[in-house]
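Structure assessment
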Amino acid sequence: MGPPEEELRARLAGVGQAHLLRFWAELEPAQRDSLGETLAQLDARELGEHCQRAMEACAREQQGRAGQGRLDGNLEPIPAERLGSVCRSDRATLERWEEEGLCQISQGKVAVLLLAGGQGTRLGVPYPKGMYDVGLPSHKTLYQIQAERIRRVERLAGERFGTQCTIPWYIMTSEFTLGPTEKFFWEHNYFNLKKSNIVMFEQRMLPAVTFDGKVILEEKGKVAMAPDGNGGLYRALVDNKILEDMDQRGIQYIHVYCVDNILVKMADPVFIGFCVSKGADCGAKVVEKAYPTEPVGVVCRVDGVCQVVEYSEITLETAQMRNPDGRLTFSSGNICNHFFTFDFLQEIAEKFEPQLKHHVAIKKVPFVDEEGNLVKPLKPNGIKLEKFVFDVFQFSKLVADLSPSVPPPLFFFLCTQASLISS
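Residues numbered from 1 in each chain as written. Predicted model: local features only at pLDDT ≥ 70, side-chain atom pairs only at ≥ 80, totals over all residues. Heavy atoms only, no water.

**Thoughts on the overall build of the protein chain**
A count of helices and strands for the protein chain gives 11 helices and 22 strands. For a compact globule of 423 residues, the expected C-alpha radius of gyration is about 22 Å, and the protein chain comes in at 23 Å, within 12% of that figure. Referenced to the eigenvectors of the C-alpha coordinate spread, the extents of the protein chain come out at roughly 70 × 50 × 45 Å. The buried share of the protein chain, taken over its 423 residues, is 53%. Taking all contacts inside the protein chain whose residues are at least 6 apart in sequence as the whole, residues at least 24 apart take part in 72%. (Helix = DSSP H or I, 4+ residues; strand = E, 2+ residues; numbered from the N terminus. Rg over C-alpha atoms; globule rule 2.2 N^0.38 Å. Buried < 20%, exposed > 50% of the residue type's maximum accessible area, 1.4 Å probe, protein only. Contact = heavy atoms within 4.5 Å.)

**Considering the packing of aromatic side chains**
Per the counting criterion, the structure on display carries 13 aromatic pairs. Between F352 and F395, the aromatic rings sit 4.3 Å apart at their centres with planes inclined by 15 degrees, giving stacked as the arrangement. Here F352, found in helix α11 (residues 342–352), pairs with F395, found in the loop between β19 (382–386) and β20 (399–402); they are 43 residues apart in sequence, far enough to count as distant. Each member of the aromatic cluster is reached from another via a ring pair, and the members are Y143, W169, F184, F185, Y190 and F191. (Phe/Tyr/Trp six-rings, centres within 6.5 Å; stacked < 30°, edge-to-face > 60°.)

**Here we look at the side chain of E313**
Considering the arrangement of structural elements, one finds E313 in the loop between β14 (305–309) and α10 (316–319). Assessed through its relative accessible area of 17%, E313 is described here as buried. Within the structure, the side chain of E313 is placed 2.9 Å from the backbone nitrogen of E310, a separation counted as a polar contact. (Polar contact = N/O pair within 3.5 Å; in protein donor to acceptor, adjacent residues only side chain to side chain.)

**Focus: the pattern of salt bridges**
Per the counting criterion, the structure on display carries 16 salt bridges. The closest approach of N and O atoms between D268 and K285, which form a salt bridge, is 2.7 Å. Of this pair, D268 sits in the loop between β11 (253–258) and α9 (269–278) while K285 sits in strand β12 (residues 282–288), and the two are 17 residues apart along the sequence. Given a relative accessible area of 4%, K285 falls into the buried group. (Salt bridge = Lys/Arg side-chain N within 4 Å of Asp/Glu carboxyl O.)

**A closer look at empty space enclosed by the protein**
Using the criterion set out here, one finds 2 cavities of 30 Å³ or more in the structure. Considering only enclosed or pocket space, the largest cavity measures out at about 50 Å³ in volume. Forming the boundary of the largest cavity are R204, L206, D228, G232, E353, H358, L385, E386 and K387. Taken as a whole, the second largest cavity spans an internal volume of roughly 30 Å³. For the second largest cavity, the full set of lining residues is L8, R11, L12, L39, L42, A44 and L47. (1 Å grid on protein atoms, 1.4 Å probe; cavity = no way out; pocket = protein on both sides within 12 Å on 5 of 7 lines; lining within 4 Å. Points joined across faces, edges and corners; volume = space filled by probe spheres on them.)

**Some remarks on the nonpolar core**
The biggest cluster of nonpolar side chains holds 40 residues, and the ones touching the most others in it are L113, L115, L233, Y234 and F340. The contact partners of L113, leaving out residues within four places of it in the chain, are Y170, L233, L237, M246, I254, H255, V256 and Y257. Grouped together as the second largest cluster of nonpolar side chains are 39 residues, I171, M200, I272 and C275 included. (Core = buried A, V, L, I, M, F, W, Y, C linked by side-chain atoms within 4.5 Å.)

**Description of the sheet that holds strand β7 (residues 209–210)**
Within the open sheet, the 3 strands sit side by side as β7-β19-β16. Their pairing is antiparallel. The sheet terminates laterally at β7 and β16 (359–363), the two strands that pair on one side only. When β16 meets β19, the two strands line up antiparallel, connected through 5 bridges. Looking at the pairing, V360 lines up with L385 of β19. (Pairing = 2+ DSSP bridges.)

**A closer look at the environment of G304**
Mapped onto the elements, G304 comes out in the loop between β13 (298–302) and β14. A relative accessible area of 40% means that G304 is categorised as partly exposed. Residues G304 and P77 lie 227 residues apart in sequence; the distance between their C-alpha atoms is 9.8 Å.

**Side note on the confidence of the model for the protein chain**
Looking at the protein chain, the pLDDT average stands at 88 and 91% of residues meet or exceed 70. Note on residues 404–423: pLDDT is under 50 here. Beyond four places in sequence and across chains, it has 136 contacts. (pLDDT = per-residue confidence, 0-100.)

**Describing the pairing of β12**
In terms of residue burial, β12 counts as a mostly covered element, since 7 of its 7 residues are buried. The pairing of β12 with strand β15 (residues 332–341) spans 7 bridges and is classified as antiparallel. Following the sheet pairing, K285 is matched in β15 by N337.

**Comments concerning helix α6 (residues 178–187)**
Residues of α6 that are buried include every one of L178, T181, F184 and F185, and no others. Down the axis of α6, the smallest arc covering the buried residues is 130 degrees, so these residues share one side. Looking at α6, the residues exposed on the side facing more than 90 degrees away from the buried face are K183 and W186. Buried residues along α6 sit in contact with α5 (142–161), β4 (169–173) and β5 (198–202). Phi for N189, located one or two positions after α6, is positive at around 55 degrees. (Arc of directions from axis to C-beta.)

Below you can see the structure in the form of structure tokens.
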């Protein structure tokens, strides 16, 4: 049961959100309890700050679009001495990296962390993406494919070093995906992995806000909420005591990836070994861009700091720049595939998370009007704020990048504090 009505009204009025109780008198007791609990979880001060941030971030976004190309003069490609390439590395080097990665896995020091907070809407299904049948003759889902790859690399490392090893699988879900995901894993016997080695947890949900800073009601008794982006990982690690679990298991290195990457190499030994051998604290695999205008963010340096720049933030002239060998100058396409040390993750989550930039998503958000009628807008009417997992590069002491030269689009880079590997 939520706080008393008078207390709620006073809290909300103090931050300009009293409209959220406009239909309170019409709600059933269960609806009041649900809305009250939601609002109680949203600290009034933080709610007010969230709405203000949304308006300010939206204004900056619009100004940025008007001034497209403002970053061009500040961009630099990743320095060659900090860039490695799978396709250009000799076999002995690749084998050395793989050996290092398998060694760390065999000692139980490596975990994988899946970002799975999104629904399969873009895939045309109403359930979590990981449950999607990708169309293989076997009808395997993304979750099954990934689980089998975990088991395979565990066996490879165990056979190479004569150990029994485990790769814990951490899965960050959202309010929308946790229940269905838990049920799906249970129905499939956890894909022959130990239940105790699969740890699911939820990321935060944040209210959608109008352009004038008002929280949106999607129903008379329900606030419009959305996950806080894959960068919500860092706060979720603390809120759900995931860092404590990793520490207890002796995890030192974490491979983070997105659920809809069907080609992902789980706990990729080459990637892990490369980053460990370079002493990197964070890393990113990237795919070499196929053509200048490919709509993908690129890993580069802005004012000397490694970060991901969205394709919309640079001009066509910059996107088309090429090196003497004919390759694109800014070619490292970000695919949200990362390496982190435990110490780096802990430092980000406990110290730097509040400094991460808020990104703006302008969306069409269904809402109830002043008469309580449901409205499905024909044009964007709301702001959703989210953080991105890769925005932590700026806090890294050493960045590494790795890319393989397999036929396109299988090139990839690793971006960590130590160096970068390109294909």
